[in-house]
Protein chains: 2
Amino acid sequence: MTLKPFSGMRVVVYGVGTMGAIATRLLVDKGAEIVGAIGRSPSKVGRDLGDVARLGISLGIPVENDANAVLSRGADIAVVCVGSYLSTMRPHFEICLGNGANVVTIEEETIFPWTTAPDHAKALDALAKSNGVTLAASGAQDVFWVNLVTTLLGAVHKVDRVTGHCRWNVDDYGPEVADHLMVCQPKAAFEKVITSDGWPEFVARQTLEALVARLGLTVSAISSDVTAVTLDEPIHSTSMSTDIPPGGMIGTVDRTRITTNEGPVFSFAMEGRVYRPGETDTNAWKIDGEPDLELNCNNANYRFTTCSSLINRIPDIIAAAPGVCSLNMLGPPTYRHH
Amino acid sequence: MTLKPFSGMRVVVYGVGTMGAIATRLLVDKGAEIVGAIGRSPSKVGRDLGDVARLGISLGIPVENDANAVLSRGADIAVVCVGSYLSTMRPHFEICLGNGANVVTIEEETIFPWTTAPDHAKALDALAKSNGVTLAASGAQDVFWVNLVTTLLGAVHKVDRVTGHCRWNVDDYGPEVADHLMVCQPKAAFEKVITSDGWPEFVARQTLEALVARLGLTVSAISSDVTAVTLDEPIHSTSMSTDIPPGGMIGTVDRTRITTNEGPVFSFAMEGRVYRPGETDTNAWKIDGEPDLELNCNNANYRFTTCSSLINRIPDIIAAAPGVCSLNMLGPPTYRHH
C-alpha cells in the first residue's frame, strides 16, 4: 500500500450539505488538494468551503453554483454528496465525467445500478469510458454490508443462507430523509402510499445485488418489501424537532431477498428509524451453512463511516478501469493512514 | 470469480490427522482431483485415504509414507497439515516445492515468517521461486484475525489502537496441543518453564505482523508474553480424558503488542483453553480512533474454519507469484461455491 496516496490529488467537493461537510474535513486531513466546491443553497454559495464545512479555517475555495465552470478547470476526482437515485444524479455525474473527472459518490443506486437503472447506468458507463474516468459509489454498504460479509464467507465451505439486519438512525440525516420515510405520519397514510404509488427498491436491493455479484453467483429472483415501524409510546425526533405520538411512524424496514441459480439465498433488512435513548447503529449477519457463522458490529456510526469509507475508496477509484464501477467490481476496502 | 476453480486440480494431501481428514473431505466436495496422500502413522499407511479420513467412500488413493515418491509423480498443490513452526516443517515444504508443487498449509509461522524464522523463510522463498511455485498459509488467522479487521478498518478515518481477543478450544485439537499448553499441570510448573526456557512467540505475533504489514504500516517495536489460565473449580478436558483439579492449568493467553512508526498500536490476545459447557470460539476486535468501531463473531468454529479457509485459498495461491507468500501479500479471502 502506498502511504500518502492523497498527496497532490486535486479534488472537487460537489455538494456541501451535512455529508459533504464531513467529507471536506476528511479530505483536508488526508492531505488532498481541494480545488473547487459546488453548492446550490444561496446561504452557502460565495462563502469559503472551510467556513461552510465549519472547519474553523479558510480553505481559500469559494462555494460556487456553476458545476460546469468548476469542473472545467480540471480535477482528478469529484466527491459527490448531493442526492439519491441515478435518475436525479445523472446530470451531475455527466458534468463531472464529461470534464474528465473521476467520481466517488454516496448516491446509493450506483452501488449496483445495472438492474434498477440500466439505461442511466449504460449511458454513464459509456460517457465515463469515452473520457477515461471512473464512476463509483461507496458508503456504509461498502465495509459493513458487502465486504465484511464476503470476507466472512471466505471461511465458509458451503453457504445455504445469508441473512443481514442493520439499524440506522433516521435523525442522523436531517428532516428530508425523515420526511421521505414518512416519519411522524400515521401508519395508515404510509400504507395508502404503498398501495397507490409503491415504494422504490432502495439500498437493500443494490447492496444485496452487489454482494451476490461479488460472490460470483447469479440471481434467479429478487423480491423487496417495506413495512412501517411504530412505537406504543411517544418518542422525540430530533431531525423533525417534534414528539411522535404513539402509533405514529418512526421509520421503516426495507427488506430484499435474492435467490440464486446456484442455491444460496440472501436476505437483508434495513431498519431506518428514530432511536430511543442509548440505541446505536447496528450490523448483524448470520450465515447458515457449513459452518454456521455470525458477525456483529454495534456502534457502526453509519453517518460518519459512510463518509470515511467514501474518502478511503478514492485511490481505488482513480486506479480502477474507466466506466461505471459497481461495488462488486472493486477490491477490498483499505485504511488510508495520515 | 470463476466457479469450479477446483475442477481438474491435482492435489496431494500431505498429513492425514484430524485437520488433514477434514481438508480431504472439503477437497472432495469442491471437486478437486486427489492424486496422492502422505502420512507417517503405521496405523494409516497403506490404507485408502477415504477410509483414513472417514469419508465412507474409497478414493482409490493409498496413504504413503514416502513424500518424495508421491510428489515426484506431479501435483498442482500440496495441502500440508503436519506440524507447527518452520524449523520443523521446512523439510516437508522443500519436498513439495522441489517437486514443483505449490503448497498451502496450516503451519502457523508461514502466515508471516519473515521476522521469527527469516533464514528458513528466505531459503524456502528462493526454492519456491526457482521452481515457479508458491508457499502460503491460511487458517483462522486469514478471515477472522486479519481480513475482517483490515476490512473494518476500511471504514476508519484515523486509527489510534486496534485490540483483538479470541478464544479457542484446546480440546478441539487433541492431546498433543493440550500437552503443549501444559494443560492439567500446576501453574508453578508452567511458570518455571517460562522462567527457564521462555515461550515461543506464536500465532498471535505472526498474525499481528501480517495485519500491520497489510495496512502498509511499519513496526517500531514488538513485545509478547504468555500467562496461565486456571479455574477455581474442577473442569473436564476431553482431549486429555481427565478432570483438571482447581488451580490446574486449563490453558494460556498469548499476547502480542506492536507499535508502529506511523502511530497506531496493535494488540492481540489469544486465549486457548479448555471450555466450560456452552462456551464457543469467539473473535472480538475493537478499534479506538475516528470513529471507534467494534466487531464480534461468536461460534467462529476455528477447527473447521481453519480447514475451510485453507481450502478456499487454494485458487489464490496457485495464481500467486512464485515464492513464499505471507498472508499480507494475498488479496481478500473468497467463498468458493460448489
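Going by the structure above, here's the rest.
Within any chain, residue numbers begin from 1 and follow the written order of that chain's sequence. Working convention: letters from A go to chains and numbers from 1 go to ligands, in the order in which they are written. Only residues with pLDDT of at least 70 get local features here, since the model is predicted, and only at 80 or more are side-chain atom pairs given and counted; chain-wide, interface and lining totals rely on the full set of residues. Excluded from the side-chain calculation are hydrogens and water; included are all heavy atoms of the structure.

A.B. asks: Is there a simple way to explain the sheet that holds strand β4 (residues 77-80) of chain B in this structure?
C.D. replies: Pairing between the strands of a sheet comes from backbone hydrogen bonds, and it takes one of two forms, parallel or antiparallel. All names here are of chain B. Spatial strand order, β3-β2-β1-β4-β5-β6-β15: seven strands in an open sheet with parallel pairing. The strands lining the two open edges of the sheet, one partner per strand, are β3 (63-64) and β15 (323-324). Looking at chain direction, strand β1 (residues 10-14) and β4 are connected through four bridges and run parallel. What sits directly across from Tyr14, in β4, is Val80. The rule for pairing is simple: two strands pair if DSSP sees at least two bridges between them. The helix count covers DSSP runs of H or I at least four residues long, the strand count covers runs of E at least two residues long, and both are numbered beginning at the N terminus.

A.B. asks: Sorry, what's going on with the relation of the copies chain A and chain B here?
C.D. replies: Comparison of the two chain copies shows a relationship of rotation about an axis with a shift along it. For the least-squares superposition of copies, only C-alpha atoms count, and only for residues with pLDDT at least 70 in both. Aligned on chain B, chain A shows an RMSD of 0.0 Å; the corresponding rotation is 180 degrees and the shift along the axis is 0.0 Å. The symmetry that links the two subunits is that of a two-fold axis. Distance from the rotation axis, computed per C-alpha, reaches its smallest value in chain A at Asn296 of chain A: 2.6 Å. A symmetric contact is evident, with 100% of the interface residues of chain A recurring at the interface of chain B. It only takes one pair of heavy atoms within 4.5 Å for two residues to be counted as in contact.

A.B. asks: Got a minute to help me understand the packing of aromatic side chains in this structure?
C.D. replies: Residue and element names in this part refer to chain A. When the centres of two rings from Phe, Tyr and Trp lie within 6.5 Å, Trp using its six-membered ring, the rings pair. Their planes under 30 degrees apart give stacked, over 60 give edge-to-face, and anything left gives tilted. The final tally for this structure, using the stated rule, is 14 aromatic pairs over all chains. Between Tyr85 and Phe202, the aromatic rings sit 4.4 Å apart at their centres with planes inclined by 25 degrees, giving stacked as the arrangement. Of this pair, Tyr85 sits in the loop between β4 (77-80) and α4 (86-98) while Phe202 sits in the loop between α8 (187-197) and α9 (204-214), and the two are 117 residues apart along the sequence. A simple rule labels every residue: compare its accessible area, found with a 1.4 Å probe on the protein chains alone, to the largest value its type can have, and call it buried under 20%, exposed over 50%, or partly exposed in between. Relative accessible area serves as the criterion here: at 17%, Phe202 is assigned to the buried category.

A.B. asks: Help me understand unusual backbone geometry, please; the structure alone is not making it clear to me.
C.D. replies: The bulk of non-glycine residues show a negative phi, and the bulk of peptide bonds are trans. The omega torsion across Glu290 of chain A and Pro291 of chain A is -5 degrees, close enough to zero to call that bond cis. If you trace the backbone, Pro291 of chain A turns up in the loop between β13 (282-290) and β14 (293-298). The phi angle at Cys184 of chain B is positive, at roughly 90 degrees, despite the residue not being glycine. Structurally, Cys184 of chain B is set in the loop between α7 (174-180) and α8 (187-197).

A.B. asks: Is there a simple way to explain the side chain of Ser239 of chain A in this structure?
C.D. replies: All names here are of chain A. With respect to the helices and strands, Ser239 occurs in the loop between β9 (235-237) and β10 (242-244). Identification of polar contacts relies on pairs of N or O atoms within 3.5 Å, with a donor-acceptor requirement for protein atoms, meaning one able to donate a hydrogen and the other able to accept it, and with residues adjacent in sequence counted only if both atoms are side-chain atoms. At a separation of 2.6 Å, a polar atom in the side chain of Ser239 contacts the side chain of Asp171. Ignoring any residue separated from it by four or fewer positions in sequence, one finds Ser239 in contact with Val170, Asp171, Gly174, Pro175 and Ala178.

A.B. asks: Can you help me understand the state of the cysteines in this one?
C.D. replies: Linking two cysteines covalently via their sulfur atoms produces the bond known as a disulfide. Residue and element names in this part refer to chain A. We call a pair of cysteine sulfur atoms a disulfide when they lie within 2.5 Å. What the rule picks out here adds up to zero disulfides over all chains. Here Cys96 stays free of any disulfide, with the sulfur of Cys81 as its closest cysteine sulfur at 11 Å. According to the relative accessible area criterion, Cys96 is buried, its value standing at 0%.

A.B. asks: I keep staring at the pattern of salt bridges and nothing clicks. Help me out?
C.D. replies: For side chains bearing opposite charge, pairing can occur when the charged atoms are close. Residue and element names in this part refer to chain A. Salt bridges are identified by distance alone: a Lys or Arg side-chain nitrogen within 4 Å of an Asp or Glu carboxyl oxygen. A complete count under the given rule lists 36 salt bridges over all chains for this structure. For the salt bridge of Arg167 with Glu279, the shortest nitrogen-to-oxygen distance reads 3.7 Å. One end of the pair, Arg167, is in strand β7 (residues 158-169); the other, Glu279, is in the loop between β12 (265-273) and β13, and 112 residues separate them in sequence. Neither residue differs from the other here; Arg167 and Glu279 are each classed as buried. With a shortest N-O distance of 2.5 Å, Glu201 and Arg205 are connected by a salt bridge.

A.B. asks: Could you clarify how one ought to interpret the side chain of Ser326 of chain B in this entry?
C.D. replies: Residue and element names in this part refer to chain B. In this fold, Ser326 is placed in the segment after β15. According to the relative accessible area criterion, Ser326 is buried, its value standing at 0%. Of the polar contacts made by the side chain of Ser326, one reaches the side chain of Trp114; its length is 2.9 Å. A distance of 2.5 Å separates the side chain of Ser326 from the side chain of Asn328, its partner in a polar contact. Not counting chain neighbours up to four residues away, the residues in contact with Ser326 comprise Thr110, Ile111, Phe112, Pro113 and Trp114.

A.B. asks: In this structure, what is going on with the interface of chain A and chain B? I would like to understand it.
C.D. replies: Often, the extent of an interface is quoted as the loss of accessible area upon association of its parts. Counting residues at the interface gives 49 residues for chain A, matched by 49 residues for chain B. Buried area between chain A and chain B, summed over both chains or domains, comes out near 4000 Å², and the portion from carbon and sulfur atoms is 62%. Throughout, the accessible surface (probe 1.4 Å) given up by two parts as they are put together, summed over both, is called the buried area. For chain A, the biggest contributors to the area lost against chain B are Thr151, His157 and Tyr335 of chain A; these three give 19% of the whole. For the interface between chain A and chain B, the tally reads two salt bridges.

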